[in-house]
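Below are the chains, spelled out letter by letter.
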Amino acid sequence: MIDFKTLADRYDTPLYVYDFDHITERYRELKGAFSGKKSLISYAVKANSNLSLLTHLAELGSGADCVSIAEVRRALMSGIPKYKIIFSGVGKRDDEIEEALREDILLLNLESEAEMERVEKIAKELGLQARISIRVNPNIDPKTHPYISTGLHENKFGVDIETAKRMYIKANNSKSLYPVGIHFHMGPQLTELDPIREASQIVADLVRSLKAIKIDIRFFDVGGGLGIVYDDEKTIAPYDYAQAIFSTLHGLDVTLICEPGRFMVGNSGYFLTRVLYEKVNEGRRFVIVDGAMNDLLRPSLYNAFHKVEVLGKSEDVSEADLVGPVCESGDFFAKRRALPATEPGDLVVVYSAGAYGFVMASNYNSRPRPAEVAVTEGKERCIRVRESFEDLVRLEKMCL
Ligand code: LLP
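Owing to the predicted nature of the structure, the values given are computational and were not obtained by experimental measurement. (Residues numbered from 1 in each chain as written. Predicted model: local features only at pLDDT ≥ 70, side-chain atom pairs only at ≥ 80, totals over all residues. Heavy atoms only, no water.)

Draft legend 1. Molecular detail of the pairing of strand E11 (residues 284–289). Summarising burial for E11: five of the six residues are buried, a large majority. Where strand E10 (residues 269–281) meets E11, six bridges bridge the pair, whose relative direction is antiparallel. Note that in E11 the partner of Val-275 across the bridge is Val-289. Count of turn residues in the E10/E11 antiparallel hairpin: two residues, of which Glu-282 carries a positive phi of about 45°. By the bridge criterion, three bridges tie E11 to strand E13 (residues 318–323) in an arrangement that is parallel. Its bridge partner lying in E13, Ile-288 is registered against Val-323. (Buried < 20%, exposed > 50% of the residue type's maximum accessible area, 1.4 Å probe, protein only. Helix = DSSP H or I, 4+ residues; strand = E, 2+ residues; numbered from the N terminus. Pairing = 2+ DSSP bridges.)

Draft legend 2. Spotlight on the nonpolar core. Counting residues in each nonpolar core, the largest one holds 98 residues, and the members touching the most others are Phe-220 and Tyr-241. Looking at this core, the element that brings in the most residues is helix H8 (residues 194–212), giving seven residues. Each of domain 1 (4–15 + 267–386) and domain 2 (88–260) contributes no fewer than three residues to this core. If near-sequence neighbours (up to four positions away) are discounted, Tyr-241 is found in contact with Leu-30, Phe-34, Leu-193, Ile-196, Val-222, Gly-223, Leu-226, Ile-236 and Cys-258. Among the nonpolar cores identified, the runner-up in size contains 13 residues, and Ile-2, Leu-347, Val-349 and Ala-371 belong to it. (Core = buried A, V, L, I, M, F, W, Y, C linked by side-chain atoms within 4.5 Å. Domains from an automatic or database assignment. Contact = heavy atoms within 4.5 Å.)

Draft legend 3. Geometry of helix H9 (residues 238–246). The complete set of buried residues in H9 reads Pro-238, Tyr-241, Ala-242, Ala-244, Ile-245 and Phe-246. Among the structural elements, helix H2 (20–33), H8, strand E8 (219–221), strand E9 (255–258) and helix H10 (262–265) are those in contact with the buried residues of H9.

Draft legend 4. Here's a closer look at the packing of aromatic side chains. Counted by the stated rule, this structure contains nine aromatic pairs. Summarising the aromatic geometry, the rings of Tyr-16 and Tyr-18 are spaced 6.2 Å apart at their centres and angled 20° between planes, so their arrangement reads as stacked. For Tyr-18, a relative accessible area of 1% puts it in the buried group. Taken together, the ring pairs connect Tyr-16, Tyr-18, Phe-271, Phe-333 and Phe-358 into an aromatic cluster. Here the basic side chain of Lys-37 rests over the ring of Phe-246, its NZ or CZ set 4.7 Å away from the ring centre. Over the ring of Phe-332 we find Lys-335; its NZ or CZ atom is 4.4 Å from the centre of that ring. (Phe/Tyr/Trp six-rings, centres within 6.5 Å; stacked < 30°, edge-to-face > 60°. Lys NZ or Arg CZ within 6 Å of the ring centre and 35° of its normal.)

Draft legend 5. Empty space enclosed by the protein, seen in detail. Within the structure shown, the criterion is met by two cavities of 30 Å³ or more. Considering only enclosed or pocket space, the second largest cavity measures out at about 30 Å³ in volume. Looking at the lining of the second largest cavity residue by residue, the classes come out as seven nonpolar, one polar and no charged. (1 Å grid on protein atoms, 1.4 Å probe; cavity = no way out; pocket = protein on both sides within 12 Å on 5 of 7 lines; lining within 4 Å. Points joined across faces, edges and corners; volume = space filled by probe spheres on them. Nonpolar A, V, L, I, M, F, W, Y, C, P; charged D, E, K, R; others polar.)

Draft legend 6. Representation of the site of the ligand in the model. Taken together, 18 residues surround the ligand, and among them Gly-225, Glu-259, Arg-298, Tyr-302 and Tyr-356 come closest. Note that a nitrogen atom of the ligand is positioned 2.7 Å from one of the side-chain N or O atoms of Tyr-302. Here the shell around the ligand is composed, by residue class, of seven nonpolar, five polar and six charged. (Near = heavy atom within 4 Å. Polar contact = N/O pair within 3.5 Å; in protein donor to acceptor, adjacent residues only side chain to side chain.)

Draft legend 7. A look at the sheet that holds strand E7 (residues 177–183). The sheet built from eight strands closes into a barrel, its strands ordered E2-E3-E4-E5-E6-E7-E8-E9 with parallel pairing. On average, each strand axis in the sheet is inclined to that of its neighbour by 30°, with strand direction left out of account. Where strand E2 (residues 39–44) and E9 come together, three bridges link them in parallel fashion. Looking at the pairing, Ser-39 lines up with Leu-256 of E9. (Axes fitted to C-alpha atoms, helices over the stretch in contact; angles between N-to-C directions.)

Draft legend 8. The packing of helix H6 (residues 113–126) against helix H7 (residues 161–172), seen in detail. Viewed as axis vectors pointing N to C, H6 and H7 meet at an angle of 15°, and their least axial separation amounts to 11 Å. One element, H6, and the other, H7, form an angle in the roughly parallel class. The interaxial crossing formed by H6 with H7 has right-handed handedness. Note on element contacts: H7 touches H6 through Thr-163, Arg-166, Met-167, Lys-170 and Ala-171, opposite Glu-113, Met-116 and Glu-117. (Parallel < 35°, antiparallel > 145°, perpendicular 65-115°, else oblique. Left-handed = near helix turned anticlockwise from the far one by under 90°.)

Draft legend 9. Representation of the packing of helix H5 (residues 94–103) against H6 within the structure. At a minimum axis distance of 10 Å, the contact between H5 and H6 shows a crossing angle of 55°. As judged from the angle between their axes, H5 and H6 are oblique. Considering only the axes of H5 and H6, their crossing is right-handed. Together, Asp-94, Ile-97, Glu-98, Leu-101 and Arg-102 of H5 and Arg-118, Val-119, Ile-122, Ala-123 and Leu-126 of H6 make up the contact between the two elements.

Draft legend 10. Looking closely at the domain arrangement of the protein. On domain assignment, one finds that the protein holds domain 1 (4–15 + 267–386) and domain 2 (88–260). For domain 1 versus domain 2, the separation of C-alpha centres amounts to 36 Å. Contacts between the two partners involve nine residues from domain 1, matched on the other side by six residues from domain 2. The interface formed by domain 1 and domain 2 contains zero salt bridges. Our enumeration of links across domain 1 and domain 2 arrives at three residue pairs in polar contact (both at pLDDT 80 or more). Taken together, the residues that form the side of domain 1 that touches domain 2 break down as three nonpolar, four polar and two charged. (Salt bridge = Lys/Arg side-chain N within 4 Å of Asp/Glu carboxyl O.)

Okay, here's the thing in structure tokens:
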């Protein structure tokens, strides 16, 4: 049990707290589900890119899935070996491609023909051969949780099967490209197995047809997206997930890559905030806390559900909105939720805040971003100090 009160007293609020032991459990559970087969867990750094957290995952043996060169640098800094790092993303700049090639990471995951031409050109100039994978869009409805389903926006990602085939043939004929992998990603918060199996089958069939023309794909990357519990969702067990994918791979000698972000860190994180006041506006009750949408954006941005708890209070429960001090009506953590009567200083825990929490925080309303604390085997350590006013203005120039 994490002693939230002591941590809040010691580090102040708003505060992020991560249970690193839980991350260890999650990593081992997933890795265990793939046991007996060649696999690489490439943690999706975008979910939480804190250097200590990455170092913790590196020690467990994790790789990294990065979507900017700065994420690649973070992964390398944290001791994740270059041969476990992949660089994805729909829009990589030339300097990012060049650095990734020079760093000799496992592979660059490509999302368009234009990007492949660019990578080929840069690799040629550098006298290197670029290991690549291609992100295909198997066009399967992922049936994700409606709160954060990205639905139609997803179609900027990847290429269709026919384009992918053409790209593989082209890459195979290029001296500067080495097609080693294939990739697909079904979108966030997957809670159903059938779409995963279906998509995996389509992509595995493509790998077979490439094999028939002597293009040997070695890395089969199923992306991320494994769902977690925010409310009362029924999630996919890692073992069933692994079996569903393996069932489509017979006859193929591939290393399975998966890129979990949320699954690895989501439920390990807690956001702590203190009550400032309560007020009632035309019959609607508001509990105002010192954390806000700039610290934890998911409820405002996606109407995402996070469980909240007022520590040590259970009396006089009535419906209320839990809101922050930012000047936007969209600044809330919970709406019409049953909350006990609170007093200033009461501590509120927002659950499942480890993924896409701190990384999406901003300085809106000139609010310094919160501190982050890790708890391992009952011991805590600060892994990012709270920003100060000086941090906020450090890069600005005053024209006097
Ligand atoms: N791989 C690829 C190619 C991805 O696009 C993503 C997430 C992942 C892996 C990791 O997905 P995960 O296992 O964490 O679901 N900000 C949103 C989530 C955006 C996810 C973007 N891509 C949220 O707060 O729910």
